Amino acid sequence: MTSILNADLHCHSVVSDGTLTPEQLAARASANGVELWALTDHDEVGGQQRAAAAAKAHGMKYLTGAEISVTFANETVHIVGLGFDANNPPMRQGLEATRGGRGQRAMEMAAGLAAVGIPNAYEGALKFVGNPELISRTHFARFLVESGACTDTYEVFRKYLTEGKPGYVPHRWAALKDAVGWITQTGGIAVIAHPGRYKFTANEEYALFSEFKAHGGRGVEVVTGSHTVAEYTEYADVAREFGLAASRGSDFHSPLESHTDLGTLPYLPKDLTPVWELLADRIQ
Ligand code: AMP
Ligand code: MN
Ligand code: MN
Ligand code: MN
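Chemist: Describe the overall build of the protein, naming the residues involved and giving the relevant values.
Modeler: From N to C terminus, the protein includes 11 helices and nine strands. Computed over its C-alpha atoms, the radius of gyration of the protein comes to 18 Å, within 12% of the 19 Å expected for a compact globule of 284 residues. Considered along the principal axes of its C-alpha atoms, the protein spans approximately 55 × 45 × 40 Å. Counting all 284 residues of the protein, 55% fall into the buried class.

Here you go:
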């Protein structure tokens, strides 16, 4: 398969912090012309069977997916896994452990918000949660918009939920080596998600890509809803430099919140190897 394919290999359902069900996402992806799809919920594979079945019903090809939260150099990095076996026990247990600290973190976030005059944020966020094991900052953001504290979720993150802000609680996620291991152990491909979003120095970014490769990582998101057009070019160069395959995905979460809809991004640059070329035997 060439890079000229409407593949969307990054999005979220109600099983993590999206607002649509796997079936609604499949219908939307299909209506937008997506040919190859993956649902990549944060730290969860609970939606995979439904997504695969819905993809099939719409005539789309499907790859198993997840977006794993990792801590690298004291920052959170997201690793997208594609084409792995979602029933592999180490993957299941690893994701469960990664989800494990979210409840406590959410209560600490609520305490931070209460201290600046926003009470009951834990209960408020819970109303937006589809999966009790997966309470995320996005659910707090939706509550703060609903309560009128901010006009949109981007403003909430800027004012309350990012480093140094009252609702931010540092958290230790999975190790890079482990996340890449869970994915590659069953023949999946590990992909660095939206590298343009991280606040790394050039040296730290180099270390991330080098260590990722050393652990068996093989892909990087080049064309993503989280990148500017300039970053498509920048990370296409990084893919060439490190010999990584390229991925493409909207990172769609919600019709009301997301700037990039499923299946609407530009194609990958033609000279790059698309991740789906490495996953031909994994496509359902
Ligand atoms: P968590 O895993 O609980 O830390 O939440 C991370 C999620 O919050 C991401 O996957 C995005 O959906 C959302 N998010 C993170 N940073 C921002 C931001 N600056 N603006 C909007 N949404 C964000
Ligand atoms: Mn998210
Ligand atoms: Mn992400
Ligand atoms: Mn994402």
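Past the structure itself, the notes keep going.
Chemist: Before we move on, can you summarise the coordination of the manganese ion (ligand 2) with the specific residues and values?
Modeler: For the manganese ion (ligand 2), every protein donor is listed as D17 (OD), H42 (NE2) and H253 (NE2), and the spread of their distances is 2.1 to 2.2 Å. Within one chain, the residues donating to the manganese ion (ligand 2) are spaced in sequence as D-x24-H-x210-H.

Chemist: For the pairing of strand β9 (residues 245-249), give the residues involved together with the corresponding values.
Modeler: Across a regular strand the side chains alternate sides, sitting on one face of the sheet and then on the other. Buried residues dominate β9, accounting for five of its five residues. In β9, alternate side chains face the same way, and those of A245, S247 and G249 on one face and A246 and R248 on the other are all buried. By the bridge criterion, five bridges tie strand β8 (residues 219-224) to β9 in an arrangement that is parallel. Bridging from a neighbouring strand, G219 pairs with A245 of β9. Regarding topology, helix α10 (residues 229-242) serves as the crossover connection from β8 to the parallel β9, and that connection is right-handed.

Chemist: Can you lay out the coordination of the manganese ion (ligand 4) for me, pointing to particular residues and giving the numbers?
Modeler: Around the manganese ion (ligand 4), the protein contributes the donor atoms H10 (NE2), H12 (NE2), E67 (OE) and D251 (OD), which lie 2.1 to 2.2 Å from the metal centre. Along the chain, the residues donating to the manganese ion (ligand 4) fall in the pattern H-x1-H-x54-E-x183-D.

Chemist: Can you explain the packing of helix α1 (residues 22-31) against helix α2 (residues 48-57)? Please cite residues and give values.
Modeler: To characterise two packed helices, one gives the angle between the axes of the helices and the distance between these axes. The interhelical angle for the contact between α1 and α2, taken along N-to-C directions, is 35°, at an axis separation of 8 Å. Viewed along their axes, α1 and α2 form a crossing whose handedness is right-handed. Residue-level inspection shows P22, E23 and A26 of α1 in contact with α2, the latter providing R50, A51, A54 and A55. Within the contact of α1 with α2, the residues separate by chemical class into five nonpolar, no polar and two charged.

Chemist: Summarise the pairing of strand β7 (residues 189-192); cite the residues concerned and give the values.
Modeler: Both faces of β7 are covered, namely the face carrying I189 and V191 and the face carrying A190 and I192. One ladder, built from four bridges, connects strand β5 (residues 75-82) with β7; its direction is antiparallel. Paired with I79 across the two strands is I192, which belongs to β7. Across two bridges, the pairing between β7 and β8 is parallel. Residue pairing in the sheet places V191 in a bridge with G219 of β8. Handedness of the crossover joining β7 and β8 through helix α9 (residues 202-214): right-handed.

Chemist: For the sheet that holds strand β2 (residues 36-37), give the residues involved together with the corresponding values.
Modeler: Pairing within the open sheet is parallel, and its three strands lie in the order β1-β2-β3. Across the chains shown, the open sheet's two edge strands, defined by having one partner strand only, are β1 (7-8) and β3 (61-62). Relative to β3, β2 runs parallel, the two being bridged by two bridges. Its bridge partner lying in β3, W37 is registered against Y62.

Chemist: Summarise the domain arrangement of the protein; cite the residues concerned and give the values.
Modeler: Annotation of the protein at the domain level lists domain 1 (7-98 + 172-282) and domain 2 (102-161). Spacing between the C-alpha centres of domain 1 and domain 2 amounts to 25 Å. Contact residues are listed per partner, giving 16 residues for domain 1 and 11 residues for domain 2. Taken together, the two surfaces of domain 1 and domain 2 that pack against each other cover about 1,000 Å², and 45% of this comes from carbon and sulfur. The tally of links from domain 1 across to domain 2 stands at two salt bridges.

Chemist: I'd love a proper account of the packing of helix α4 (residues 102-114) against helix α6 (residues 137-146), names of residues and values included.
Modeler: One way to put it is that α4 packs onto α6 with a least axis distance of 11 Å and a crossing angle of 35°. Once α4 is placed against α6, the crossing between them reads as right-handed. Across the interface between the two elements, R105, A106, M109, A110 and L113 of α4 pack against R137, F140 and L144 of α6.

Chemist: Describe the nonpolar core, naming the residues involved and giving the relevant values.
Modeler: L9, I79, V222 and W276 are the most contacted members of the largest nonpolar core, which totals 54 residues. Among the elements that take part in this core, α10 stands out by supplying six residues, more than any other. The contacts of V222, once residues within four sequence positions are left out, are H227, E231, Y232, Y235, A236, A239, A246, S247, L268, P269 and L272. Membership of the second largest hydrophobic core comes to 18 residues, among which are M109, A110, F140 and F143.

What counts and how
- Residues numbered from 1 in each chain as written.
- Chains lettered and ligands numbered in written order.
- Predicted model: local features only at pLDDT ≥ 70, side-chain atom pairs only at ≥ 80, totals over all residues.
- Heavy atoms only, no water.
- Helix = DSSP H or I, 4+ residues; strand = E, 2+ residues; numbered from the N terminus.
- Rg over C-alpha atoms; globule rule 2.2 N^0.38 Å.
- Buried < 20%, exposed > 50% of the residue type's maximum accessible area, 1.4 Å probe, protein only.
- Donors = N, O, S within 2.8 Å, 3.2 Å for Na, K, Ca; no water.
- Pairing = 2+ DSSP bridges.
- Right-handed = clockwise from strand over helix to strand, strands pointing away.
- Axes fitted to C-alpha atoms, helices over the stretch in contact; angles between N-to-C directions.
- Left-handed = near helix turned anticlockwise from the far one by under 90°.
- Contact = heavy atoms within 4.5 Å.
- Nonpolar A, V, L, I, M, F, W, Y, C, P; charged D, E, K, R; others polar.
- Domains from an automatic or database assignment.
- Buried area = accessible area lost by both parts, 1.4 Å probe.
- Salt bridge = Lys/Arg side-chain N within 4 Å of Asp/Glu carboxyl O.
- Core = buried A, V, L, I, M, F, W, Y, C linked by side-chain atoms within 4.5 Å.

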